[in-house]
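Listed below, chain by chain, are the residues.
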Amino acid sequence: MTVDGDTALEAVWRALGGGPHPTGVRWAGPAGVLPSRLPTAVLARATVAAYALAGEELAAARGIAGGADIVVDSGAVGAAFTSERHLRRDGRPFGSFAPLSRFWRAADGWVRTHGNYPHHRARLVAALGVSETAADVTDALDRRIAELPVAMVEDVVARSGGLAVAVRTPDEWTAHPQGAAVSALPLLSVDRIEGGAPRSMPPAPPTPRLPADGVRVLDLTRVIAGPVATRSLALFGADVLRVDSPGLPELDGQYLDTGFGKRSTLLDLARRVDRAAFEELLAAADVVVTGYRPGALDRFGLAPRSLLDRRPGLVVASLSAWGPAGPWADRRGFDSLVQAATGIAVREAAADGAPGALPAQALDHGTGYLLAAAVLRGLASRVRDGGGWSARLSLAQTARWLLLDLPAPASASGEAPDPAAWCVEVDAPGGRLRHALPAVTLPGGPRTWAHPPTPWGSDAPRWR
């Protein structure tokens, strides 16, 4: 890796509240990883390195001996950033994007939609006046969108609770009110919250080195970015319990890919008995990670400030698609939509001018590692100085960093290395899983997660 990678890591570490010149990282691995016009590989390696450094910082705060450099292998990073593509169960791949999750030609430009989940598909189709009973829904939607200006598609679908955005250039996004709001924000926000004395942690086993051993993490996230963060915390030894509503569907492959090392339970927070179970979990938690749109959990008393008021010393990390401020702050969003809205799809356009995409869902994965790094730094700060820690990140802020602040790669071409060297197989409930290894492991740490994913919702709502 070149000095550009070191510069990117320094920027991330400063954003996380660390010192200006992080040390102890050694770059290795093949060239050609995540080739693109934008510096996707630089983003990937810098965010993974920051996560590993934060893990080492927590280990040092707990008195866990170390000393060796962290090796960030570009091949492992590339495989991890595309982990959902390498997942197999009994040799069979999982689907990725559904037919209605794609680019469409509108009357005056392009739009990107997302319909992977049944409720999002239903809202998209209904908002645009297409019947689910049509002989070919995709063809009918194609004709309908072609009749409408992009601004109308975006507005009508958003008002219905569906997911569609106009494909914009970077300049058009900057001029948009939401783009302007994001431009005023740093890469991420981290704040120490006063309250609580330094909190020591029980000794961790010397081998393997697990800096987050004994840390209890409530995982209130879905899709990719948040679950990548909590999967990363599980690798370092945290007891991660993912909590989902039984009324929200989940995609099997997506859950399995991000479920390594974690457990999964179902709680309906609108039910008194489930809410009581959740409050009991919260009373013993060290970390809460939320990945729902801003305000979605507030009615349950799960806004960051409310959590910290009720439990001083908690580490709270919140993730959103579009950022905490601006007219789109409370909108739903996914990596593919943020790429389209912010100008990434234009920068990665195909030769014929059609919008393109990054070689990975890099906003999701990169933001996930940043989120994990923020949590680990918060835990280390709590050991040393006490207090709580609040972190806020968004896919749109990571997109802005990629577009404007990272150095462009020398070449967008190149043949990516075969990911097989960074994939393994493991027996799991439901079949044998082939999966990507972690993006990085700490010196003396485990090569992979302690256990494969448990079936969705199969675990009791209690800590280990």
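What you see is a predicted model; the values in this text were computed from it and never measured. (Residues numbered from 1 in each chain as written. Predicted model: local features only at pLDDT ≥ 70, side-chain atom pairs only at ≥ 80, totals over all residues. Heavy atoms only, no water.)

> Talk me through the sheet that holds strand E15 (residues 423-428); I want residue IDs and the actual numbers.
Pairing within the open sheet is antiparallel, and its four strands lie in the order E4-E3-E16-E15. Strands with a single pairing partner mark the edges of an open sheet, and in this sheet they are strand E4 (92-93) and E15. (Pairing = 2+ DSSP bridges. Helix = DSSP H or I, 4+ residues; strand = E, 2+ residues; numbered from the N terminus.)

> Lay out the packing of aromatic side chains in plain terms, naming residues and giving numbers.
With the rule as written, the count across this model stands at eight aromatic pairs. A ring pair is formed by Trp173 and Trp328, whose centres lie 5.7 Å apart and whose planes are at 55 degrees; its orientation type is tilted. Highlighted residues: Trp173 in helix H8 (residues 170-175) and Trp328 in the loop between strand E13 (315-320) and helix H14 (335-342), separated in sequence by 155 residues. Take Trp328: its relative accessible area is 4%, and that puts it in the buried class. Among the aromatic residues, those joined into a ring-pair cluster are Tyr51, Phe81, Phe236 and Tyr369. In this structure, Arg112 packs its charged tip against the face of Phe103, placed 4.7 Å from the ring centre. (Phe/Tyr/Trp six-rings, centres within 6.5 Å; stacked < 30°, edge-to-face > 60°. Buried < 20%, exposed > 50% of the residue type's maximum accessible area, 1.4 Å probe, protein only. Lys NZ or Arg CZ within 6 Å of the ring centre and 35° of its normal.)

> Tell me what's going on with empty space enclosed by the protein, and back it up with residues and numbers.
According to the stated counting rule, one finds three cavities of 30 Å³ or more in the structure shown. The volume enclosed by the largest cavity comes to roughly 60 Å³. Taken together, Pro170, Trp173, Thr174, Gly179, Val182, Ser183, Thr342, Arg400, Leu403 and Leu404 make up the full set of residues lining the largest cavity. Among the elements of the structure, H8, helix H9 (177-183) and helix H17 (395-405) are those that each provide at least two residues to the lining of the largest cavity. Tallied by class, the residues present in the lining of the largest cavity amount to five nonpolar, four polar and one charged. Its volume calculated, the second largest cavity comes out at about 50 Å³. Contributing to the lining of the second largest cavity are Tyr51, Arg231, Ser232, Leu235, Tyr369, Pro438, Ala439, Val440 and Trp449. Classifying every residue of the lining of the second largest cavity by side-chain character gives seven nonpolar, one polar and one charged. (1 Å grid on protein atoms, 1.4 Å probe; cavity = no way out; pocket = protein on both sides within 12 Å on 5 of 7 lines; lining within 4 Å. Points joined across faces, edges and corners; volume = space filled by probe spheres on them. Nonpolar A, V, L, I, M, F, W, Y, C, P; charged D, E, K, R; others polar.)

> Give me the layout of surface pockets: which residues, what numbers.
Here the largest pocket is characterised by a volume of approximately 840 Å³. As for the largest pocket, its lining consists of 36 residues, of which Arg222, Leu248, Gly291, Tyr292 and Arg293 are closest to the centre. Broken down by secondary-structure element, the contributors of at least two residues to the lining of the largest pocket are helix H5 (118-127), helix H10 (225-235), strand E10 (239-244) and E13. Broken down by element, the residue count for the lining of the largest pocket peaks at three residues, all from H5. Taken together, the residues that form the lining of the largest pocket break down as 19 nonpolar, seven polar and ten charged. In this structure, the second largest pocket occupies an estimated 620 Å³ of space. What lines the second largest pocket is a set of 33 residues, and nearest its centre among them are Glu84, Gly95, Ser96, Phe97 and Gln361.

> Which residues make up the side chain of Gln339, and what values do they have?
Along the polypeptide, Gln339 turns up in helix H14. Gln339 sits in the buried class, given a relative accessible area of 5%. A distance of 3.0 Å separates the side chain of Gln339 from the backbone nitrogen of Leu358, its partner in a polar contact. (Polar contact = N/O pair within 3.5 Å; in protein donor to acceptor, adjacent residues only side chain to side chain.)

> So what about the packing of helix H2 (residues 40-61) against helix H3 (residues 74-81)? Which residues, and what values?
Where H2 meets H3, the closest approach of the two axes is 10 Å, and the angle between their N-to-C directions is 100 degrees. Between H2 and H3, the angle falls in the class roughly perpendicular. In contact with Leu43, Ala44, Arg45, Thr47 and Val48 of H2, H3 contributes Ser74, Val77 and Phe81. Grouping the constituent residues of the contact of H2 with H3 by class yields five nonpolar, two polar and one charged. (Axes fitted to C-alpha atoms, helices over the stretch in contact; angles between N-to-C directions. Parallel < 35°, antiparallel > 145°, perpendicular 65-115°, else oblique. Contact = heavy atoms within 4.5 Å.)

> I'd like a description of the pattern of salt bridges, backed by residues and values.
Inspection of the entire model under this criterion finds 25 salt bridges. Across the pair Asp239 and Arg464 runs a salt bridge, and its minimum N-O distance is 3.6 Å. In this pair, Asp239 is assigned in strand E10 and Arg464 in the segment after strand E16 (431-436), connecting sequence segments 225 residues apart. Exposure remark for Arg464: the relative accessible area of 58% places this residue in the exposed category. Measuring nitrogen to oxygen at the nearest pair gives 2.8 Å for the salt bridge that ties Arg432 to Asp427. Taking the relative accessible area as the measure of exposure, Arg432 reaches 34% and is therefore partly exposed. Asp427 gets classed as exposed once you look at its relative accessible area, which sits at 56%. Connected through shared salt-bridge partners, Arg222, Arg242, Asp244 and Glu250 make up one network. (Salt bridge = Lys/Arg side-chain N within 4 Å of Asp/Glu carboxyl O.)

> Before we move on, could you go through unusual backbone geometry and cite the residues and values that matter?
A positive phi angle, close to 50 degrees, is found at Leu34, a residue other than glycine. Its place among the elements puts Leu34 in the loop between strand E1 (25-28) and H2. On the basis of relative accessible area, Leu34 is assigned to the buried category, the value being 8%. A positive phi angle, near 70 degrees, is found at Val223, a position not held by glycine. If you trace the backbone, Val223 turns up in the loop between strand E9 (216-220) and H10.

> So what about the nonpolar core? Which residues, and what values?
In this structure, Tyr51, Val72, Phe81 and Trp322 are the most contacted members of the largest nonpolar core, which totals 103 residues. Residues in contact with Phe81, not counting those within four places in the same chain, are Leu34, Leu43, Ala44, Thr47, Val48, Ala360, Gln361, Ala362, His365, Gly366 and Tyr369. Ile193, Val243, Leu282 and Leu314 belong to the second-largest nonpolar core, a separate cluster that totals 20 residues. (Core = buried A, V, L, I, M, F, W, Y, C linked by side-chain atoms within 4.5 Å.)

> Talk me through the sheet that holds strand E5 (residues 103-106); I want residue IDs and the actual numbers.
Within a sheet, each strand pairs with its neighbour through backbone hydrogen bonds, oriented either parallel or antiparallel. Taken together, the three strands give an open sheet; going across it, the order is E5-E6-E7, and neighbouring strands pair in antiparallel fashion. The strands lining the two open edges of the sheet, one partner per strand, are E5 and strand E7 (164-166). When the angles between neighbouring strand axes are averaged without regard to direction, this sheet yields 30 degrees. Pairing of strand E6 (residues 109-113) with E7 involves three bridges; the strand directions are antiparallel. The partner of Arg112 across the bridge, within E7, is Val165. Sheet strands in contact with helix H6 (residues 137-147) are E5 and E6, and its direction is about 40 degrees off that of E5. H14 rests against E5, E6 and E7 of the sheet, and its axis sits at about 20 degrees to E7.

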